[in-house]
Amino acid sequence: MRRIETDGQNTVPALLHSKTVSTRGETEPNRESRPADADDRTDVAFTLEGVRTGFLKCVPVALGVGGYGIAFGVVARQAGLSVAEATLMSATVVAGAAQLIAVELWADPIPVTTILLTTVVVNLRYSLMGAALQPWFDRLSPTQAYGSLFFMADENWALTMSELRSSPVDGRHARGAFLLGSGLAIWMFWVGSTILGATAGGVIGDPDRYGLDFVLTAVFVALAVELWEGRSSLVPWLGAFLAAVVAEYVLPGRWYVLVGGLVAAGLEVMRYDG
Amino acid sequence: MVALATASWPEPRLNPLVVGVIVGMVVLTYATKVGGLWVLRRLEVSERVEAGLSILPGAIVIAFLGPELVTGGPAEWGAAGLVLLVAWRTESIVLALGSGVGAVVLLRAVF
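Conventions used here
- Residues numbered from 1 in each chain as written.
- Chains lettered and ligands numbered in written order.
- Predicted model: local features only at pLDDT ≥ 70, side-chain atom pairs only at ≥ 80, totals over all residues.
- Heavy atoms only, no water.
- Contact = heavy atoms within 4.5 Å.
- Buried area = accessible area lost by both parts, 1.4 Å probe.
- Salt bridge = Lys/Arg side-chain N within 4 Å of Asp/Glu carboxyl O.
- Polar contact = N/O pair within 3.5 Å; in protein donor to acceptor, adjacent residues only side chain to side chain.
- Helix = DSSP H or I, 4+ residues; strand = E, 2+ residues; numbered from the N terminus.
- Nonpolar A, V, L, I, M, F, W, Y, C, P; charged D, E, K, R; others polar.
- Core = buried A, V, L, I, M, F, W, Y, C linked by side-chain atoms within 4.5 Å.
- Buried < 20%, exposed > 50% of the residue type's maximum accessible area, 1.4 Å probe, protein only.
- Phe/Tyr/Trp six-rings, centres within 6.5 Å; stacked < 30°, edge-to-face > 60°.
- Lys NZ or Arg CZ within 6 Å of the ring centre and 35° of its normal.
- Axes fitted to C-alpha atoms, helices over the stretch in contact; angles between N-to-C directions.
- Parallel < 35°, antiparallel > 145°, perpendicular 65-115°, else oblique.
- Left-handed = near helix turned anticlockwise from the far one by under 90°.

Participant: Where do I start with the interface of chain B and chain A in this structure?
Facilitator: Where interface size is quoted, it is often the accessible area lost as the parts come together. Facing the 71 residues of chain B at the interface are 98 residues of chain A. Per-residue buried area on chain B facing chain A is highest for Lys33, Arg41 and Phe64 of chain B; these three make up 12% of the total on that side. Viewed at the interface, chain A and chain B are joined by one salt bridge. Between the two partners, chain B and chain A, sit 15 residue pairs in polar contact (both at pLDDT 80 or more). At the level of elements, helix 1 (2-8), helix 2 (16-42), helix 3 (47-54), helix 4 (56-70), helix 5 (74-90) and helix 6 (93-110) of chain B are the ones that each hand at least two residues to the side of chain B that touches chain A. Ranked by residues supplied to the side of chain B that touches chain A, first place goes to helix 2 of chain B with 21 residues. Its residues assigned to classes, the side of chain B that touches chain A comprises 48 nonpolar, 12 polar and 11 charged.

Participant: What is the right way to read the nonpolar core from this model?
Facilitator: Soluble, globular proteins show a tendency: their nonpolar side chains are buried together. Core analysis: the biggest nonpolar cluster contains 98 residues, and Met89, Leu133, Phe137, Leu149 and Trp157 of chain A have the highest contact counts within it. Here this core gets 10 residues from one element, more than from any other, and that element is helix 11 (residues 215-227) of chain A. Each residue touching Met89 of chain A, except ones within four places of it in the same chain, is listed here: Phe72, Leu81, Val94, Gln99, Val103 and Trp106 of chain A together with Ile22 and Met25 of chain B.

Participant: I would appreciate a short explanation of the packing of aromatic side chains in the present structure.
Facilitator: Two measures describe an aromatic ring pair: the distance that separates the ring centres and the angle between the ring planes. Throughout the structure, instances matching the rule amount to six aromatic pairs over all chains. Ring centres of Trp228 of chain A and Trp237 of chain A lie 5.2 Å apart, and the angle between their planes is 70°; this geometry places the pair in the edge-to-face category. The buried category is assigned to Trp237 of chain A, whose relative accessible area is 11%. One aromatic cluster in this structure is built from Phe150 and Phe151 of chain A together with Tyr30 of chain B. One Lys or Arg, Arg89 of chain B, reaches over the ring of Trp88 of chain B and ends 5.3 Å from the middle of that ring.

Participant: Looking at this structure, I do not really get the packing of helix 2 (residues 48-79) of chain A against helix 3 (residues 83-93) of chain A. What am I missing?
Facilitator: All names here are of chain A. It is the contact of helix 2 with helix 3, at a shortest axis distance of 9 Å, that shows an interaxial angle of 135°. Overall, the two elements helix 2 and helix 3 adopt an arrangement that is oblique. Remark: the crossing between helix 2 and helix 3 carries right-handed chirality. Contacts between helix 2 and helix 3 pair Phe72, Ala76 and Arg77 from the former with Val83, Ala86, Met89 and Ser90 from the latter.

Participant: Just to check I follow, could you spell out the environment of Phe111 of chain B for this structure?
Facilitator: Residues and elements named next belong to chain B. For Phe111, the location among the structural elements is in the segment after helix 6. On a C-alpha basis, the gap between Phe111 and Pro74 in space is 7.3 Å, while along the polypeptide they are 37 residues apart. When near neighbours in sequence (up to four residues on either side) are disregarded, Phe111 contacts Pro74 and Ala75.

Participant: Any chance you could explain unusual backbone geometry here in plain terms?
Facilitator: For residues other than glycine, phi is negative in most cases, and the peptide bonds are mostly trans. The linkage connecting Asp108 of chain A with the following residue, Pro109 of chain A, adopts the cis geometry, with an omega of 0°. If you check the backbone angles, Val94 of chain A has positive phi at about 50° while not being a glycine. Mapping Val94 of chain A onto the fold places it in the loop between helix 3 and helix 4 (96-105). The backbone of Glu91 of chain B shows a phi angle near 55°, a positive value even though the residue is not glycine. Tracing the backbone shows Glu91 of chain B in the loop between helix 5 and helix 6. For Glu91 of chain B, a relative accessible area of 68% translates into the label exposed.

Participant: Where do I start with the environment of Trp136 of chain A in this structure?
Facilitator: Residue and element names in this part refer to chain A. Its location among the elements puts Trp136 in helix 7 (residues 134-137). The exposure class of Trp136 is buried, given its relative accessible area of 11%. Trp136 sits 39 residues away from Arg175 along the chain, and the two C-alpha atoms are 9.2 Å apart.

Participant: Mind showing me how you'd approach the packing of helix 2 of chain A against helix 4 of chain A here?
Facilitator: The axes of two packed helices give the description: the angle between them and the distance between them. Residue and element names in this part refer to chain A. Put simply, helix 2 and helix 4 touch, their axes get as near as 9 Å, and they point 20° apart. One finds that helix 2 runs roughly parallel with respect to helix 4. Crossing angle aside, the handedness with which helix 2 passes helix 4 is left-handed. Facing helix 2, whose interface residues are Tyr68, Ala71, Phe72, Val75, Ala76 and Ala79, helix 4 presents Gln99, Leu100, Val103 and Glu104.

Participant: I'm lost on the environment of Ser182 of chain A in this one. Help?
Facilitator: Residues and elements named next belong to chain A. Along the chain, Ser182 turns up in helix 10 (residues 178-204). Separated by 30 residues in sequence, Ser182 and Met152 place their C-alpha atoms 8.6 Å apart. Residues within four places of Ser182 in sequence aside, it is in contact with Gly54, Phe55, Cys58, Asn156 and Thr160. From its side chain, Ser182 meets the backbone oxygen of Leu179 in a polar contact 3.2 Å long.

Participant: Would you mind going over the pattern of salt bridges with me for this structure?
Facilitator: A side chain of one charge can pair with a side chain of the opposite charge if their charged atoms are brought near each other. Residue and element names in this part refer to chain A. Counting across every chain of the model gives 10 salt bridges over all chains. Residue Glu49 pairs with Arg175 through a salt bridge whose shortest N-O separation is 3.0 Å. On the criterion of sequence distance, the pair formed by Glu49 in helix 2 and Arg175 in strand 4 (residues 174-175) is long-range, its members being 126 residues apart. Arg175 gets classed as buried once you look at its relative accessible area, which sits at 14%. Arg271 serves as the salt-bridge partner of Glu268, at 3.4 Å between the closest nitrogen and oxygen. Of the two residues, Glu268 and Arg271 are both situated in helix 13 (residues 255-271); the distance of three residues between them amounts to about one turn of the helix. The class for Arg271 is partly exposed, based on a relative accessible area of 39%. In the salt-bridge network here, residues are joined through shared partners; they are Glu49, Lys57, Glu163 and Arg175.

In short, shape yes, function no, at least from these values alone.
Encoded structure:
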């Protein structure tokens, strides 16, 4: 087992942390106590145990992703993609909403520019979500961080935020590999269900019938409960809510996630008074 | 799954143009996934901006849920309320998830 941590000097700007990553042995009895105003970040470990825990905790959620995967497989076939092409897309793009919208735009000839532009628009929210992981991912090596992000989807991002935020327990190190593990579960179910939907989709029917379309909403509601920090959350959350609802009316795709996040962050930056 | 895949792929049909579009989607999607972190690792962020970043997780979650719930109906609202309650009392995502999905199926049958 290997773990990565910074040298505990909290005066070093966050930027430098990533450059001064060092590996140490497993036991470390005389750890320097940190000053009271030390950041509330915890040390981050990238371990096989983290991958396994992430994978197992994500399986129930990945079932919901499987519902979307079946839908994607069906729609992709109707749009004229072969089973191999649909599977290739799911295995390499790994972005449910963007893929569903892309195959809905699919036509003959293929509207390449429209599809690629839409992909960016629908996926820009991922940049914001990746940025939210920065306090922990700063402490991983570039390979670990950028490799894990390939497997980031809405669902396992939510689980990972919840996991990392609750991690300073019993001095345990935060599971930096949780995003990778949970992402592998998502990936397996996503690719598997795409194949299922593309080959036998007509037999299974509408996944909404089993409530699978509600899984993502449920995960996010549960995460909201965890993220609530009392009255200080009220103003930014109201801002995010209103901005997202309005943006959903006037903008295409998933721009509303980006707009909501940015408006709330902007509000917070303006309200900041040291 | 492997058996299914081989059984259903007598001759994988991969159109070069389709593969090209997929490659484009892969590159752009991956760029959006790593872009935010990549920029933050290279920028010196002031405390003011840090304060803005710190509320991103909650804001993103609410931005997801806002339109979802506004466009939903009584079944979704009721199930979301139950998830809220279960998550708050038990702090278990699995329990919250299970009760929410169960509730939405039942409530949709009613409404």
